[in-house]
Amino acid sequence: QQQQQEQQEQQQLKTMLSNSTRRAALKSGGGDIGKFSHALRSVTLFLVGADTTFGSSSSLTSSSSLGSCKYSSSSQNHYSTTRNIGGGLRKGVLGGTTTTNFSPSSLLNHHHRNYNNNNNNNRSRGEKRRQFSTKVTLPDLPYDFSALEPIIDAQIMEIHHSKHHNTYVTNLNVTLEKLAEAEAKNDVAAMIALQPNLKFNGGGHENHSLFWKVLQPKKEYSDPSGELKRMIERDFGSFENMKQKFASQTVAVQGSGWGWLGLNKETKTLHMVTTANQDPCITTGLVPVFGVDVWEHAYYLQYKNLRPDYVNKVWEIVNWKQVEENLVKALM
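The text that follows walks through the structure, step by step, so that each part is easy to find. Quick caveat, the model's predicted, so the values are computed rather than measured.

### Side note on the overall build of the chain
- If you tally the helices and strands in the chain, you get 13 helices and eight strands.
- The 332 residues of the chain split such that 42% are buried.
- Entry remark: accessible area of the chain is about 17,800 Å², with carbon and sulfur atoms responsible for 48%.

If you want it as structure tokens, here you go:
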């Protein structure tokens, strides 16, 4: 009698795995067919919208860009689902393969609990995927480490980019993950406590990402032109006056910080400003178009304590075409 019951359950599952039955299940939402529909969706986890095919041997395979899910019967009248998470998409977060065995009766009897639990799991996985998708990465330099020599030597560039900037990126990602967790819990105190780290590491990443782009090999140098040249002459009198004033203010930064040339979007005028530590230029109300890093790690191995020499030599490797592109974009 038990064997007969198992055969009936197996036949029931086979019948339900047909295309027409599945469509009816999704449409009805009630009765045994509806129960199986919910149970099936609970087992498929987050593979919603996947391409689905039904085999002739009581097997079901679903696949999508997120992974694959396969259901097949066995001689023990149990069924298994194997979920292979796309390792490349979420490597280190949800990578791996999980297998679950179940019988048709347990599948039908516990569909409500499984469906609700997996709905919660789906939201959790969705949050993790969103966190992963927003991870910041270290940008590549647009030139070799040695490309800015003799103004900035290769050793400084390698340490500055692969060590210092990379540290800001790493710590920023940690902060963003903690911030997402705090937001999910509506923990306002935790969100506030994370703001200094967000400003420091986020600023460090944004500042350096701009800094690398506004530099270029000395042999490619050319003076400002076009709209940038016109605005510099209008707002500072001349290109030379702008350089002298910028260098004077930037050299005078106490401790560590940055010198900036930024745009006031309301008045459409250029201004100079300095910020401490890794505070981004945007915190001053200006959109940055050019900046110089005067942290000691940016120059000390080569210029020692002679910050003025470093700042004045940087003019020889400024990529003014990139600065003008930044300006045009900021003016939009």
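### Concerning the packing of aromatic side chains
- Applying the stated rule across the entire model yields 13 aromatic pairs.
- Their ring planes at 90 degrees and their centres at 5.6 Å tell us that Phe211 and Trp258 sit as a pair that is edge-to-face. Residue Phe211 is located in helix α8 (residues 195-213), and its partner Trp258 is located in strand β6 (residues 257-264); the two are separated by 47 residues in the primary sequence.
- Each ring, one from Tyr299 and one from Tyr310, has its centre 4.9 Å from the other, and the planes form 20 degrees; the classification is stacked. Of this pair, Tyr299 sits in the loop between β8 (287-293) and α11 (300-303) while Tyr310 sits in helix α12 (residues 307-314); the two residues are eleven residues apart in sequence, bridging distant segments of the chain.
- Clustering of aromatic rings is evident, with ring pairs tying together Phe239, Phe246, Phe290, Trp315 and Trp320.

### What to know about the pattern of salt bridges
- All chains considered together, the criterion is met by seven salt bridges.
- The shortest N-O distance in the salt bridge between Glu227 and Arg230 comes to 2.6 Å. Here the residue Glu227 and the residue Arg230 both occupy positions in helix α9 (residues 226-236), the gap between them amounting to three residues, near one helical turn.
- You can call Glu227 partly exposed: its relative accessible area is 29%.
- Through salt bridges with shared partners, a single network forms among Lys218, Lys313 and Glu316.

### Details of the environment of Glu177
- Counting through the fold element by element, Glu177 comes out in helix α6 (residues 154-184).
- For Glu177, a relative accessible area of 30% puts it in the partly exposed group.

### Comments concerning the pairing of strand β7 (residues 269-276)
- Alignment of β6 against β7, held across eight bridges, turns out to be antiparallel. Across the sheet, residue Asn264 finds its bridge partner in β7, namely Thr269.
- Here β6 folds back onto β7, and the loop between the two strands holds four residues, one of which, Lys268, carries a positive phi near 60 degrees.

### Description of the packing of α6 against α8
- It is at 8 Å that the axes of α6 and α8 come closest, and there the two elements cross at 140 degrees. Overall, the two elements α6 and α8 adopt an arrangement that is oblique. When you trace α6 past α8, the crossing you get is left-handed. Side by side, α6 and α8 meet where Met157, His160, His161, His165, Tyr168, Val169, Asn171, Leu172, Thr175, Leu176 and Leu179 of the first sit next to Gln195, Asn197, Leu198, Phe200, Asn201, Gly202, Gly204, His205, His208, Ser209, Phe211 and Trp212 of the second.
- Considered class by class, the residues forming the contact of α6 with α8 number ten nonpolar, 13 polar and no charged.

Definitions and limits used
- Residues numbered from 1 in each chain as written.
- Predicted model: local features only at pLDDT ≥ 70, side-chain atom pairs only at ≥ 80, totals over all residues.
- Heavy atoms only, no water.
- Helix = DSSP H or I, 4+ residues; strand = E, 2+ residues; numbered from the N terminus.
- Buried < 20%, exposed > 50% of the residue type's maximum accessible area, 1.4 Å probe, protein only.
- Areas by Shrake-Rupley, 256 points an atom, 1.4 Å probe, with all protein chains shown as cover.
- Phe/Tyr/Trp six-rings, centres within 6.5 Å; stacked < 30°, edge-to-face > 60°.
- Salt bridge = Lys/Arg side-chain N within 4 Å of Asp/Glu carboxyl O.
- Pairing = 2+ DSSP bridges.
- Axes fitted to C-alpha atoms, helices over the stretch in contact; angles between N-to-C directions.
- Parallel < 35°, antiparallel > 145°, perpendicular 65-115°, else oblique.
- Left-handed = near helix turned anticlockwise from the far one by under 90°.
- Contact = heavy atoms within 4.5 Å.
- Nonpolar A, V, L, I, M, F, W, Y, C, P; charged D, E, K, R; others polar.

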